[in-house]
Each structure stands twice: as structure tokens, then as C-alpha cells.
Amino acid sequence: MKYTVITGASSGIGYETALAFAARGKNLVIVARRKTELEELKNAALAINPELDIKIKTTDLTVTENVYELYEGLKELELETWINNAGFGNFDLVGEQKLTKIESMLHLNIEALTILSSLFVRDYADVEGTQLINISSRGGYNIISNAVTYCATKFYVSAFTEGLAQELITTGAKMRAKVLAPSATETEFAQRATDTDSFDYEKGMAKFHTSKEMAGFLLDLYDNEKIVGLVNGRDFTFELQDPQFTYVNSPRFIK
């Protein structure tokens, strides 16, 4: 029995992605801090396919020890796909940002994603059909005013995942790594980034996608051989593309 792991699954893109994979008959490990929301997601997924095995993992991935404990707790399972969706943003000038929040953002967006990606690759790089999908952002390819630090974390996600994807290909691994770069999406992202209780996307954004639409785009990327799936900032169309960053082969990895 194989499983798809989705972090940040309690809402937004992670929630809808879990339902999309459930519709494909995929057993799930859903990960987030909020147990009630995960239980609701489990029930919704089972309503789609009652035959699925769905495991709930409640944890705070801003804490390094929890990241290792999460992965270690899945050692008994056979994993097929790992989706690092957990992350959050921040809108502030660099000189005015709350550093305790920034510390947590760095731990989650960069550290947790890197550790979980590395452990998954270590165990499954040579397993046919495995995929790692990391969620970046259009802010991982463009620097947005008032969100410089957030964009920097997502530039890391984009560069790390694109580089890993090409490293896997170069070394002859069977796993594929891919990066999804959404633009404005109707999730809880804006609320947490602005430290507000609510955000009206209809009033605050000229264009945006729903979480369900973005989950559909993620499936398009999952089904395709391209490494990058990103939203075009001009017309908001979704595009499957080759890596955006230059990758230089080192002689050490050429076989």
C-alpha cells in the first residue's frame, strides 16, 4: 500500500490537493497543526473514496525536532509522492518585520522543506514512480515589494527544487522532483501574511485562482514530465515549463 504525503493540508491548496489525490484513489498522509481541520479533510476524502487509508499527523513543522519526528514516524509506510505545501508569508518592510514571525517562516519555508525533501530523496530516489513536489510561488521567481523576505524564502524553494530535479536526472535516479509556483490564490495565506482575521480576495485582488483550481494545476504538473508549473503573472494562465535557473553540471555527477 502506497501513500501520498501532503504537508499544510488543513486548508487551501493542501486541502484541495488531498481531495484531488483521493479522487485518484491515492492513500494519504495529511499533515498540519490543526487536528479538527485534518479530521474534516479525512471525512471529505473518505466520502470521495471509502476504500482509502488516510492517516492524520498533527505537528508544528516550524520546530526542527518535529520535522525529523514526522518523517521517522512514516518509516513503516511505503511512500509514493511527497508534497511540501506547508508554508506562510509575510508582508512588511524588512526593517519593520516581526523577527519572531520571520524566524518561524524561515524554519518552515526553508528548513523543514529541505530536511523532508532530503530524507525522502535519500530513501526513495531509486524507486520507480516516486515524485517530490515542492510549493514555491510567483514570489519565488519575482521579488515583490513589501514581501522581500518571503520572496527570498521562495526563491530558495524554486532554486533548491529545480536543482534537485536536475541532479536526480543527471545521476540517473528514478524519482522526479518538481516545483509549483502559484500566484494569488484564495487561501488563508493573505490573512497570515498580513496578520489579520480575514481577507476578501474579490476586493483585494484583481485576479486570483481558487485553491481547487491550483490543486488541478498541481495534478497537471504531477502528470507531466516538465519540472516547473507556474502561473503567468501577466494573464494568470498556468504554464508547464523547463527549469528557469541555470544548472551547471559538475564532473563529479556526470556518468
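Below is a short write-up of the structure. Along every chain, residues carry numbers that run from 1 in the direction the sequence is written. For a predicted model such as this one, the threshold for reporting local features is a pLDDT of at least 70, and the threshold for listing and counting side-chain atom pairs is 80 or more; totals across whole chains, interfaces and linings nevertheless cover every residue. Note: side-chain values were computed over all heavy atoms of the structure, leaving out hydrogens and water.

### Describing the overall build of the chain
- A run of DSSP states H or I qualifies as a helix once it reaches four residues; a run of E qualifies as a strand once it reaches two. Both are numbered from the N-terminal end. Secondary structure assignment for the chain yields eight helices and 10 strands.
- Residues counted as buried form 49% of the 255 residues belonging to the chain.
- Within the chain, residue pairs in contact and separated by at least 24 positions form 67% of the contacts whose partners lie at least 6 positions apart.
- Accessible surface for the chain amounts to roughly 12200 Å². Of this, 49% is attributable to carbon and sulfur atoms. Whether a residue is buried, partly exposed or exposed follows from its accessible area with a 1.4 Å probe, protein chains only, as a fraction of its type maximum: under 20%, in between, or over 50%, in that order. Only heavy atoms enter the contact rule, under which two residues are in contact if any of them lie within 4.5 Å. Per-residue accessibility takes into account occlusion by the displayed protein chains alone, with areas from the Shrake-Rupley method and a 1.4 Å probe.

### Section: the pattern of salt bridges
- The salt bridge definition used is simple: a Lys or Arg side-chain nitrogen within 4 Å of an Asp or Glu carboxyl oxygen. The final tally for this structure, using the stated rule, is five salt bridges.
- Between Glu-80 and Lys-26 there is a salt bridge; the shortest N-O distance is 3.2 Å. Residue Glu-80 is found in strand 4 (residues 78-84), and its partner Lys-26 is found in the loop between helix 1 (12-23) and strand 2 (27-32); the two are separated by 54 residues along the sequence.
- With relative accessibility at 14%, the residue Glu-80 sits in the buried group.

### A closer look at a nonpolar patch on the surface
- A cluster of nonpolar side chains, namely Val-94, Ile-143 and Val-148, defines an oily patch on the protein surface of about 280 Å² accessible area.
- Given the relative accessible area of 40%, Val-148 is considered partly exposed. Here a patch means residues that are over 30% exposed by relative accessible area and free of salt bridges, tied together within 9 Å if like-charged and within 5 Å if nonpolar (Val, Leu, Ile, Met, Phe, Trp, Tyr).

### Re empty space enclosed by the protein
- Of the two site types, the cavity is a set of points on a 1 Å grid over the protein atoms alone where a 1.4 Å probe fits but cannot get out, and the pocket is an open set with protein on both sides within 12 Å along at least five of seven lines, each lined by residues with an atom within 4 Å of a point. Grid points are joined across faces, edges and corners, and a volume is the space filled by probe spheres set on the points. Tallied over the entire structure, the rule returns one cavity of 30 Å³ or more.
- Approximately 40 Å³ is the volume attributed to the largest cavity.
- As for the largest cavity, its lining consists of Thr-7, Leu-61, Asn-84, Ala-86, Leu-108, Ala-112, Leu-113 and Leu-116.
- Under the scheme applied, nonpolar residues are Ala, Val, Leu, Ile, Met, Phe, Trp, Tyr, Cys and Pro; charged residues are Asp, Glu, Lys and Arg; polar residues are all the others, including Gly. Across the lining of the largest cavity, the residue classes break down as six nonpolar, two polar and no charged.

### Quick notes on the sheet that holds strand 5 (residues 131-135)
- Strand order across the open sheet formed by eight strands is 3-2-1-4-5-6-9-10, with mixed pairing between neighbours. With one partner strand each, in any of the chains shown, strand 3 (54-58) and strand 10 (238-241) form the two edges of the open sheet. Taken pair by pair, the neighbouring strands of this sheet meet at an average axis angle of 20°, ignoring direction.
- We call two strands paired when DSSP finds no fewer than two bridges between them. Bridging between strand 1 (residues 2-7) and strand 4 involves five bridges; their strand directions are parallel. In the strand pairing of strand 4, Tyr-3 is matched with Leu-79. All axes here are fitted lines through C-alpha atoms, helices being fitted over the stretch that makes contact, and every angle between N-to-C directions spans 0 to 180 degrees.

### Details of the environment of Ala-152
- Here Ala-152 shows up in helix 5 (residues 148-170).
- For Ala-152, a relative accessible area of 45% puts it in the partly exposed group.
- Distance in space between the C-alpha atoms of Ala-152 and Tyr-141 is 9.3 Å, their sequence separation being 11 residues.

By themselves, these observations are geometric and do not establish any function.
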